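Architecture and fold: a report
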Amino acid sequence: MNTICIMCPMGCPLTIEKQGDEIIVSGNTCKRGEKYGKDEFQHPKRAITTLVKLQNGGVASVKTSDAVPKERIFDVVKFIGTLVADDGVQIGDIIATDILSLGVDVVVTGRK
């Protein structure tokens, strides 16, 4: 499997192979890339960023506090789409906790 590491701006091209019971990552220039490669091979996850409506009709940008399993992305986006945040939310506020029992929160990252 070939992919690009997204753990830092370097974007190292990774090659990930399974040899017996071991997962071998090459092309990384740091330990974060090796961990990312192994995680991506075994169970890919993604952080989600999107917008949430505010009560006054504006929007706030939000993100998940951690990555979610790739196969649950659409479920998470659908759930976040049902949220309406208070007008007074600030950057860093958590507007939903442990969404869909995934152990991640929805955190405000900006306002418009």
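It should be emphasised that the depicted structure is a prediction, and the values quoted were computed from it without experimental measurement. (Residues numbered from 1 in each chain as written. Predicted model: local features only at pLDDT ≥ 70, side-chain atom pairs only at ≥ 80, totals over all residues. Heavy atoms only, no water.)

1. Observations concerning the layout of surface pockets
- Its boundaries defined by the atoms lining it, the largest pocket holds a volume of some 350 Å³.
- Residue lining of the largest pocket: 14 residues in total, with Met-7, Tyr-36, Asp-39, Lys-45 and Ala-67 positioned closest to the centre.
- Of all elements in the fold, only helix 1 (31-42) and strand 4 (45-46) reach the threshold of two or more residues within the lining of the largest pocket.
- For the lining of the largest pocket, the element with the highest residue contribution is helix 1, accounting for 5 residues.
- Residues belonging to the lining of the largest pocket are distributed by class as follows: 6 nonpolar, 1 polar and 7 charged. (1 Å grid on protein atoms, 1.4 Å probe; cavity = no way out; pocket = protein on both sides within 12 Å on 5 of 7 lines; lining within 4 Å. Points joined across faces, edges and corners; volume = space filled by probe spheres on them. Helix = DSSP H or I, 4+ residues; strand = E, 2+ residues; numbered from the N terminus. Nonpolar A, V, L, I, M, F, W, Y, C, P; charged D, E, K, R; others polar.)

2. Re empty space enclosed by the protein
- Scanning all chains against the criterion turns up 1 cavity of 30 Å³ or more.
- If you add up the space inside the largest cavity, you get close to 30 Å³.
- In this structure, the largest cavity is lined by Cys-5, Met-7, Cys-8, Cys-12, Cys-30 and Gly-33.
- Residue composition of the lining of the largest cavity, by class: 5 nonpolar, 1 polar and no charged.

3. Description of the sheet that holds strand 6 (residues 59-64)
- Ordered in space as 8-5-6-10-9, the 5 strands form an open sheet in which the pairing is mixed. Edge strands, defined here as strands with exactly one partner in the open sheet, are strand 8 (84-85) and strand 9 (94-96).
- Summarising the sheet, strand 5 (residues 49-54) and strand 6 pair through 5 bridges and their orientation is antiparallel. Its bridge partner being in strand 6, Thr-50 is matched across the sheet by Val-62. (Pairing = 2+ DSSP bridges.)

4. What to know about the pattern of salt bridges
- For the structure shown, the criterion picks out 5 salt bridges.
- Among the ionic pairs, Lys-31 bridges to Glu-34, the shortest N-O distance being 3.7 Å. Here Glu-34 and Lys-31 lie together in helix 1, a separation of 3 residues that amounts to about one turn.
- For Lys-38, the salt bridge identified is with Glu-34, shortest N-O distance 3.4 Å. In this pair, Lys-38 and Glu-34 both sit in helix 1, 4 residues apart, roughly one turn of the helix.
- Take Lys-38: its relative accessible area is 28%, and that puts it in the partly exposed class.
- Glu-34 sits in the partly exposed class, given a relative accessible area of 24%.
- What you see here is one network of salt bridges that share partners, running through Lys-31, Glu-34 and Lys-38. (Salt bridge = Lys/Arg side-chain N within 4 Å of Asp/Glu carboxyl O. Buried < 20%, exposed > 50% of the residue type's maximum accessible area, 1.4 Å probe, protein only.)

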